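Single-letter residue listing:
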Amino acid sequence: MAHIATVEREYSSVSKRRTSKSANGTVTIEVEREEHEEIKLCHFHELPDWQKDNEFILTGYVRETNSIKKCLRSLGCFNNESINIYSHLIAAISYFVVLLFYTDILCIPSFPSTTFVDYMVIDLYLLGAFTCLIGSSLFHCMKQHSESHSDMWSKVDYIGIICLITCSLISLLYYGYMDHFIYFKVFTVITLVLATICTICVLDQRFNSKNFRPIRAGFFILFSMSAVIPIGAGFSKFGFTEVLQRIQLRFVAWETFFYVVGALLYGFRIPETLYPGNFDLVGSSHQIFHIMVILGSVFHLKAVLGSYTFMHSNISSNSFTLSS
Ligand SMILES: [Zn+2]
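All values derive from a computational prediction rather than experimental measurement. The residue count restarts for each chain, going from 1 along the sequence in the order it is written. Only residues with pLDDT of at least 70 are given local features in this predicted model, and only at 80 or more are side-chain atom pairs given and counted; all residues enter the totals for whole chains, interfaces and linings.

## A look at the overall build of the chain
Inclusion rule: Secondary structure counts use DSSP, requiring at least four H or I residues in a row for a helix and at least two E residues in a row for a strand, with both numbered from the N terminus. Burial is judged by counting other C-beta atoms within 10 Å of a residue's own C-beta: 20 or more means buried, 12 or fewer means exposed, and anything between counts as partly exposed, with every C-beta placed from the backbone. Two residues qualify as a contact pair if the distance between their C-beta atoms, derived from the backbone, is within 7 Å.
Each helix and strand in the chain was counted, giving ten helices and five strands. Considering the chain as a whole, with its 324 residues, one finds that 33% of them fall into the buried category. Of the contacts made within the chain by residues no fewer than 6 positions apart, 65% connect residues no fewer than 24 positions apart.

Encoded structure:
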């Protein structure tokens, strides 16, 4: 009769039972038990040093889990990251659904001059928005794992922001300079060079340090503001009124407003600096920043679609001619 040994690992409720048989006939049954203790929220002063980032948010923290499963389980427990996670998760899924199913049915009216490139440009923007929002959602869910995971996911978050800015700029440059393609090419190359420099910077360990928060906010604002160069060039080439139409400047202005105000609130931690402890679960600067990012991205989509419609209407009526 085979000798049977049972080894138990971890404790709480049984999740897996694995049986193996060695050469001498010993059967080993390994009963693995998963950690099933509840996620307990803790106070700022109970956090390990690496998790202490915002001293004005006093409660509602998920303490270092050292477990991906626990990080995922924290999704079911309302904590001070819940709004950050779900706001961008829901928006990311929405953009992905639009990207997959609705771009040609709902959003894009068809003109005689419409080609697959138009779908690609608009889908590129949707993909950029999805990448940014899903990266951010994953970061906020996984950052409580450990310091090394937090560092790694924060880089995913920053690269997502760079993707969103890059895809936003390229999509609008395409329509703004659709009939002057050489300008589109030049400004796209400049945007890609800036995006590469930004990526190199965010991969540097110093970029993620606590003292760099206002610099991080300013850094992304500056990259977005590089749009001033092609817009300025557009003013001198086409005049103010036409640029207003070409890139749907009123929507771009709203987009800029939401991104800049959101980044400033994030950088200066308003409102929790003014009333520490009052915005622990709902209403903190980071949560407002997330909502502002969603609103900014929606206004950009409106600008791209409006710009597409304006340019193709004029091409169809022979007001503009396409050049290469
Ligand atoms: Zn965030």
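From this point, the narrative continues.
## Some words on unusual backbone geometry
Excluding glycine, a negative phi dihedral is what most residues carry, and trans is how most peptide bonds are arranged. Cis geometry marks the peptide bond from Ile270 to Pro271; its omega dihedral reads 20°. Within the secondary structure layout, Pro271 lies in the loop between helix H9 (249–268) and helix H10 (285–316). A positive phi is found at Gln248, a non-glycine position, where the angle reads about 50°. Within the secondary structure, Gln248 sits in the loop between helix H8 (240–246) and H9. Residues other than glycine seldom take positive phi values, yet Arg269 does so here, at roughly 55°. As for its placement among the helices and strands, Arg269 is situated in the loop between H9 and H10.

## What about the UniProt feature "binding site: Zn(2+)" (unreviewed entry) in the chain?
The test is simple: UniProt positions are given in the numbering used here, feature names are shortened, and annotations may be inferred rather than shown by experiment.
Mapped onto this numbering, the UniProt entry gives "binding site: Zn(2+)" (unreviewed entry) at His140, His286 and His290. The greatest C-alpha distance among the annotated residues, which extend across 151 residues, is 11.3 Å, indicating that they converge on a single site. Turning to its location among the elements, His140 is positioned in helix H3 (residues 116–142). Ignoring sequence-local partners within four residues, the contact set of His140 consists of Glu81, Asn84 and Ile85. Counting through the fold element by element, His286 comes out in helix H10. The class of His286 is buried, set by 20 C-beta atoms lying within 10 Å. Residue contacts for His286: discarding those within four places in its chain leaves Asn84 and Tyr266.

## What about the nonpolar core?
Considering soluble globular proteins, one finds that nonpolar side chains tend to be buried as a cluster. Here is the rule we go by: To count as a nonpolar core, a set of buried Ala, Val, Leu, Ile, Met, Phe, Trp, Tyr and Cys residues must be joined through C-beta atoms within 7 Å.
The biggest cluster of nonpolar side chains holds 50 residues, and the ones touching the most others in it are Ala129, Tyr175 and Val304. Elements represented by at least two residues in this core include exactly helix H2 (82–107), H3, helix H4 (147–176), helix H5 (181–203), H9 and H10. With sequence-adjacent residues up to four places away left out, Tyr175 is seen in contact with Arg246, Ile247, Val304, Ser307, Tyr308 and Met311.

## So, the packing of H3 against H10
Selection criterion: For helices, the fitted axis covers only the stretch in contact; all axes are lines through C-alpha atoms, and the angles between them, taken along N-to-C directions, range from 0 to 180 degrees. Should an angle lie under 35 degrees it is considered roughly parallel, over 145 roughly antiparallel, and from 65 to 115 roughly perpendicular; all remaining angles are considered oblique. Residue type decides the class: Asp, Glu, Lys and Arg count as charged, Ala, Val, Leu, Ile, Met, Phe, Trp, Tyr, Cys and Pro as nonpolar, and the leftover types, Gly among them, as polar.
H10 packs onto H3 with a crossing angle of 175° between their chain directions and a minimal axis gap of 11 Å. Classified by the angle their axes make, H3 and H10 are roughly antiparallel. Between H3, through Asp118, Ile122, Tyr125 and Ala129, and H10, the contact on the second element is made entirely by Ser297, Leu301, Val304 and Tyr308. Looking at the contact of H3 with H10 residue by residue, the class counts come to six nonpolar, one polar and one charged.

## Notes on H9
For clarity, the threshold we go by: Working rule for helices: expected span equals 1.5 Å times residues minus one.
If you check H9, its first and last C-alpha atoms are 28 Å apart, about what 20 residues at 1.5 Å a residue would give, namely 28 Å. Residues of H9 that are buried in the fold lie against helix H6 (213–225), H8 and H10. Once H9 finishes, Arg269 follows within two positions and takes phi at roughly 55°, a positive value.

## Quick word on the UniProt feature "transmembrane region" (unreviewed entry) in the chain
On the UniProt side, "transmembrane region" (unreviewed entry) is annotated at positions that read residues 83–102, 122–142, 158–176, 182–203, 215–235, 247–268 and 288–311 here. The distance separating the terminal C-alpha atoms of residues 83–102 is 27 Å; by composition the span is 100% helix and 0% strand. Helix makes up 90% of residues 215–235 and strand 0%, and the two end C-alpha atoms of the span are 30 Å apart.

## A few points about the packing of H4 against H10
Using the following cut-off: Should the near helix be turned counterclockwise from the far one by less than a right angle, the crossing is left-handed, whereas a clockwise turn marks it as right-handed.
Where H4 contacts H10, the two axes come as close as 9 Å, and the packing angle between them is 20°. By the criterion of interaxial angle, the relationship of H4 to H10 is roughly parallel. Like other packed secondary-structure pairs, H4 and H10 cross with a definite hand, here left-handed. Two secondary-structure elements touch here, H4 through Leu164, Ser168, Ser171, Leu172, Tyr175 and Gly176 and H10 through Ser297, His300, Ala303, Val304, Ser307, Tyr308 and Met311.

## Some words on the environment of Ser67
Position of Ser67 relative to the elements: it lies in the loop between strand S5 (61–62) and helix H1 (68–73). Separated by 75 residues in the primary sequence, Ser67 and Met142 place their C-alpha atoms 9.2 Å from one another.

## Points about H10
With 32 residues, H10 should reach 46 Å at 1.5 Å per residue; the first-to-last C-alpha distance of 46 Å fits that figure. Following H10 by one or two positions, Asn318 has its phi on the positive side, about 60°.

## Focus: the environment of Cys71
Within the fold, Cys71 resides in helix H1. Sequence-wise, Cys71 and Met142 are 71 residues apart; in three dimensions their C-alpha atoms are separated by 5.8 Å. Excluding residues within four positions of it along the chain, Cys71 makes contact with Thr65, Cys141, Met142, Gln144 and His145.

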